[in-house]
Amino acid sequence: MIYASAAAVLTALLFFSSRVCPPSPFPPPSALREVRRSAIEDMLALSLGARRLFADLWFIRLMQYYGTQELYGGEEEEEDGHCHHGHDFGSGKYPEFLALSRHIAALDPYFKNAVLYSAGSLAFNLSRPDEAAGLLNYALANTPSDWKFLMMLAAIGYSKSSEPAKVAQTIAPLVRERDCPVMLKQLAAFLNKKIGNYQAAAEIYADILKTSKDPFYTRNAEKELKKIKDSRR
Amino acid sequence: MKITNGSITAFGSSPAPLAFFPTARSVAAETFRDSVKNRFFTVFAVFAACAIYASLLAGVMAVDEEARVLSDLGLGLMELMTLAYALFHAAMAIPREMETKTIYLIFSRPVSRPAYLSGKAAGLYLLSAFMLAVMAVIHLSMLSLRGFPPGAAYAAIMACIWLKMVIITSLALFISLFSTSPVSTMVIAGIIWTLGHFTPEARFLIEKSAGISAVFLKSAAWLIPDLQLYNLRDAPSAAVPGGAWFRVFYAALWALSAYGASVLLFRKKEF
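Residues numbered from 1 in each chain as written. Chains lettered and ligands numbered in written order. Predicted model: local features only at pLDDT ≥ 70, side-chain atom pairs only at ≥ 80, totals over all residues.

Now for the overall build of chain B. Secondary structure assignment for chain B yields 10 helices and zero strands. For chain B, the succession of helices and strands along the chain, N to C, is α-α-α-α-α-α-α-α-α-α. In terms of overall size, chain B behaves like a compact globule, its C-alpha atoms giving a radius of gyration of 21 Å where 271 residues would be expected to give roughly 18 Å. In chain B, which comprises 271 residues, the share counted as buried stands at 39%. Across chain B, contacts joining residues at least 24 apart in sequence account for 78% of those joining residues at least 6 apart. (Helix = DSSP H or I, 4+ residues; strand = E, 2+ residues; numbered from the N terminus. Rg over C-alpha atoms; globule rule 2.2 N^0.38 Å. Buried ≥ 20, exposed ≤ 12 C-beta atoms within 10 Å, placed from the backbone. Contact = placed C-beta atoms within 7 Å.)

This brings us to the overall build of chain A. From N to C terminus, chain A includes 11 helices and zero strands. Classification of the 233 residues of chain A by burial places 38% in the buried group. For chain A, the share of sequence-separated contacts (at least 6 apart) that also reach a separation of at least 24 residues comes to 56%.

Let's shift gears to the confidence of the model for chain A. In this model, chain A carries a mean pLDDT of 83, and residues with pLDDT of at least 70 account for 89%. Mean pLDDT values for the elements of chain A range from 72 in helix 1 (residues 2-20) of chain A up to 94 in helix 4 (residues 97-107) of chain A. (pLDDT = per-residue confidence, 0-100.)

Here we take up the interface of chain A and chain B. At the interface, 35 residues of chain A touch 35 residues of chain B. The element that contributes the greatest number of residues to the side of chain A that touches chain B is helix 1 of chain A, accounting for 10 residues. Tallied by class, the residues present in the side of chain A that touches chain B amount to 23 nonpolar, seven polar and five charged. (Nonpolar A, V, L, I, M, F, W, Y, C, P; charged D, E, K, R; others polar.)

Bringing the packing of helix 9 (residues 182-194) of chain A against helix 10 (residues 198-211) of chain A into the picture now. Residues and elements named next belong to chain A. Interaxial distance between helix 9 and helix 10 falls to 7 Å at its minimum, and their mutual angle equals 160 degrees. Between helix 9 and helix 10, the angle is such that the two are roughly antiparallel. Here the hand of the crossing between helix 9 and helix 10 comes out left-handed. Each of Val182, Lys185, Gln186, Ala188, Ala189, Asn192 and Lys193 in helix 9 lies in contact with helix 10, whose residues at this interface are Tyr198, Ala200, Ala201, Ile204, Tyr205, Asp207 and Ile208. For the contact of helix 9 with helix 10, the per-class residue count stands at nine nonpolar, two polar and three charged. (Axes fitted to C-alpha atoms, helices over the stretch in contact; angles between N-to-C directions. Parallel < 35°, antiparallel > 145°, perpendicular 65-115°, else oblique. Left-handed = near helix turned anticlockwise from the far one by under 90°.)

A few words on the environment of Lys229 of chain A. All names here are of chain A. Mapped onto the fold, Lys229 is located in helix 11 (residues 215-232). Note on Lys229: 11 C-beta atoms within 10 Å, which makes it exposed. The spacing of Lys229 and Gly120 is 109 residues in sequence and 28 Å in space, taken between C-alpha atoms.

Grouped together as the largest cluster of nonpolar side chains are 121 residues, with contacts concentrated most on Ile104 and Val115 of chain A. Residue contacts for Val115 of chain A: discarding those within four places in its chain leaves Ala105, Leu135, Leu136, Ala139 and Phe149 of chain A. (Core = buried A, V, L, I, M, F, W, Y, C linked by C-beta atoms within 7 Å.)

Right, let's talk about helix 3 (residues 51-67) of chain A for a bit. Residues lying three or four places apart along an α-helix face the same way, a consequence of the helix completing one turn every 3.6 residues. Its 17 residues place the ends of helix 3 of chain A 24 Å apart at the C-alpha level, agreeing with the 24 Å of an ideal helix rising 1.5 Å per residue. For helix 3 of chain A, a buried count of 12 out of 17 residues is recorded, marking the element as mostly surrounded by other parts of the structure. When helix 3 of chain A is considered as a whole, its buried residues turn out to be Arg51, Arg52, Leu53, Phe54, Ala55, Asp56, Leu57, Trp58, Phe59, Leu62, Met63 and Tyr66 of chain A. Elements that come into contact with the buried residues of helix 3 of chain A comprise helix 2 (39-47), helix 4 and helix 5 (112-125) of chain A together with helix 4 (66-99) of chain B. (Expected span 1.5 Å × (residues − 1).)

On to the packing of helix 4 of chain B against helix 6 (residues 113-145) of chain B, then. Packed helix pairs are characterised by how far apart their axes lie and by the angle those axes make with each other. Residues and elements named next belong to chain B. Contact pair helix 4 / helix 6: the axes reach a minimum separation of 10 Å and the direction vectors enclose 160 degrees. Between helix 4 and helix 6, the angle is such that the two are roughly antiparallel. Both helix 4 and helix 6 take part in a crossing whose hand is right-handed. Only Lys120, Leu124, Leu127, Ser128, Met131, Leu132, Met135, Ala136, His139 and Leu143 of helix 6 make contact with helix 4, whose side of the interface consists of Leu70, Ser71, Gly74, Met78, Met81, Thr82, Tyr85, Ala86, His89, Ala90, Ala93 and Ile94.

Another point: the environment of Ala156 of chain B. Mapped onto the elements of the fold, Ala156 of chain B is located in helix 7 (residues 154-175). For the pair Ala156 of chain B and Arg233 of chain B, spaced 77 residues apart in the sequence, the C-alpha separation amounts to 9.3 Å.

To continue, consider the environment of Ala221 of chain A. Residue and element names in this part refer to chain A. In this structure, Ala221 sits in helix 11. Separated by 178 residues in sequence, Ala221 and Met43 have C-alpha atoms that sit 41 Å apart. If we ignore the near neighbours within four places in the chain, the residues touching Ala221 are Tyr205, Ile208 and Leu209.

Before going further, it helps to spend a moment on unusual backbone geometry. Note: most peptide bonds trans; most residues except glycine with negative phi. Residues and elements named next belong to chain A. Despite not being glycine, Arg36 shows a phi value in the positive range, around 45 degrees. Within the element layout of this structure, Arg36 appears in the loop between helix 1 and helix 2. Phi at Ser127 is positive, roughly 55 degrees, even though this residue is not glycine. Note that Ser127 resides in the loop between helix 5 and helix 6 (129-142).

What follows is about the confidence of the model for chain B. Residue and element names in this part refer to chain B. For chain B, the average pLDDT comes to 84, and 90% of its residues sit at 70 or higher. Model confidence for chain B, summarised as mean pLDDT per element, is weakest for helix 1 (residues 6-10) at 41 and strongest for helix 7 at 95. Scored below 50 in pLDDT, residues 1-15 makes 29 contacts in the model with residues more than four places away or belonging to other chains. Overall fold confidence (pTM) sits at 0.82, and the ipTM for the predicted complex is 0.81.

Written as structure tokens, this is what we have:
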């Protein structure tokens, strides 16, 4: 009798608590689209509760992909990966870029730096602002009213209307954030330089030198800082 | 297994059943000691080696996301290693004592079966907590050596990993009582572990189904623990109605249910 009543109470509590459990904070598994034969990895990410870890892995892959120079007939690979500096910095086709970025956002929509990095690269380096806005809107569905994403959307809007000063002004608060992706800092510095705001550009380059560990960006920042100092003399 | 300390030897010759808690404490201590003796430090050595290797690799590959990658990788490794080790011991704890006939020695004394089972479970919970604590020290040392502070939710994440271990080891202990081998216990527990991380998605899909299948699926869904509730590693800011207390209550409920079912099953076994 005691056992039966204990079992009944526990069963009722289990039933009740299972109804109270919250829905998943992540997009449904159907949101994951296969890229580069990722089906098994995606299954592991979901079944082991390791979405974040696998999103990290895919972000590393995205950086490797974007950091690898695209070669067209007759071109030779440069030491640093991206061959373009200045106006067409980081440009190229990179057809898999959006698919990889969306995959990361579907795995872990709270990985804000990856979304900002991807959206920034798509909009400002690869000249695909519509894809960047699509990615940001997708991320916003899971983190509505995230100010960083909204700000980036605004900056993309200004870039479409060719207003570099407005873009620089819009992304300025993002750049001041401690964990802002270095690519965005690089963009902000470049835009400030373009509109003649050398002081702001120098400050951002100095910040890149201080905070980033990416040798490509630090070397570029060093070079740009030197140029700005020389031009002021 | 030998029970030499505590109240078991003190009252060994008494025909009356021993007090529940002292007996459970002795069994728990012995289970913990037995588990620690068995390749315990190899696990830490493997964890430390993996963590150091990952830190070197992440430094080169993750560049500005090194802190996040190191933290995620360490926490993931910790969880998987604790899971593997705790499941192995949960699956072996009782069947091994049955095989070696040690259990006859224990029950020849007035040790109650519920006390024995709760002691076994408590020993395994302690084992998980100890493993997580040691690996967390290694992980935090490595993070601080690289100059990264742990995230604000680090302690909460560790607590949630431990609660997940409490649920899964309780279930594994129960399964080991009717399963044919420790391997099948580990496989079944592994399946529950993976299904547990799918529970919110499964509920979402069940809501969309209709007819008899919906009734069947709905009743089956709440027989799987919602482990995603404890997955703070993936969503550190995920809110739960009732907060931390609900998580503790839910884990305690599952542990108690598994314990109750084990007691029911175990009392019918003849030793």
